[in-house]
Amino acid sequence: MITIFKTNVNEEQESRVRQFLNLFKEILKVDFDFEDSDNILRIETVGDIATHVEVVLNSNGYFCKELI
């Protein structure tokens, strides 16, 4: 399953955010697109964990919203 999020994460914050995402064993792959104005976060997962990703990133001071 591939899920796409709009974020406010920038290149300097990427490694810190990846540390949070590494907590999810369901995530297979993480990609950021900083060329996009929405600073897209694209994750490939086993199962639907979009809400959990949003909660973790938002509670740590980042904006993260799934694009539907």
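Residues numbered from 1 in each chain as written. Predicted model: local features only at pLDDT ≥ 70, side-chain atom pairs only at ≥ 80, totals over all residues. Heavy atoms only, no water.

**A few points about the overall build of the protein chain**
Okay, step 1: Per the secondary structure count, the protein chain includes two helices and four strands.
Okay, step 2: Its C-alpha atoms give the protein chain a radius of gyration of 11 Å, near enough to 11 Å, the size a compact globule of 68 residues would have.
Okay, step 3: Dimensions of the protein chain along its principal axes, counting C-alpha atoms only, are 25 × 20 × 15 Å.
Okay, step 4: Approximately 4,400 Å² of the protein chain is accessible, and the part contributed by carbon and sulfur atoms is 47%.
Okay, step 5: Here the protein chain holds 7 positive side-chain charges and 13 negative ones, and the gap between their average locations is 5 Å. (Helix = DSSP H or I, 4+ residues; strand = E, 2+ residues; numbered from the N terminus. Rg over C-alpha atoms; globule rule 2.2 N^0.38 Å. Areas by Shrake-Rupley, 256 points an atom, 1.4 Å probe, with all protein chains shown as cover. Lys, Arg positive; Asp, Glu negative; His and termini not counted. Charge placed at Lys NZ, Arg CZ, Asp CG, Glu CD.)

**Notes on the environment of I40**
Okay, step 1: Examined against the element boundaries, I40 turns out to sit in strand β3 (residues 40–45).
Okay, step 2: Separated by twelve residues in sequence, I40 and L28 have C-alpha atoms that sit 17 Å apart.
Okay, step 3: The residues contacting I40, other than those within four sequence positions of it, are I4, F5, D31, F32, D33 and L67. (Contact = heavy atoms within 4.5 Å.)

**With respect to the nonpolar core**
Okay, step 1: Counting 17 residues, the largest nonpolar core has L41, V53 and L57 as the members making the most contacts within it.
Okay, step 2: Among the secondary structure elements, those contributing two or more residues to this core are α1 (14–21), β2 (27–33), β3 and α2 (50–59).
Okay, step 3: With residues up to four places along the chain from it excluded, the contact list for L57 reads V17, F20, L41, Y62 and C64. (Core = buried A, V, L, I, M, F, W, Y, C linked by side-chain atoms within 4.5 Å. Buried < 20%, exposed > 50% of the residue type's maximum accessible area, 1.4 Å probe, protein only.)

**Here we look at the pairing of β3**
Okay, step 1: One ladder, built from four bridges, connects strand β1 (residues 2–7) with β3; its direction is antiparallel. Paired with T3 across the bridge in β3 is I43.
Okay, step 2: Sheet topology note: the β2/β3 ladder contains six bridges and is antiparallel. Across the sheet, the residue bridging to K29 is E44, located in β3. (Pairing = 2+ DSSP bridges.)

**A few points about α2**
Okay, step 1: Of the positions making up α2, those classed as buried are A50, V53, E54 and L57. Along the axis of α2, the buried positions cluster into a sector of 100°, meaning they face one direction only. Away from its buried face, by an angle of more than 90 degrees, α2 presents the exposed residues T51, V55 and S59.
Okay, step 2: In this fold, the buried residues of α2 make contact with β1, α1, β3 and β4 (64–66).
Okay, step 3: Backbone geometry just downstream of α2 places G61 in the positive-phi region, at approximately 95°. (Arc of directions from axis to C-beta.)

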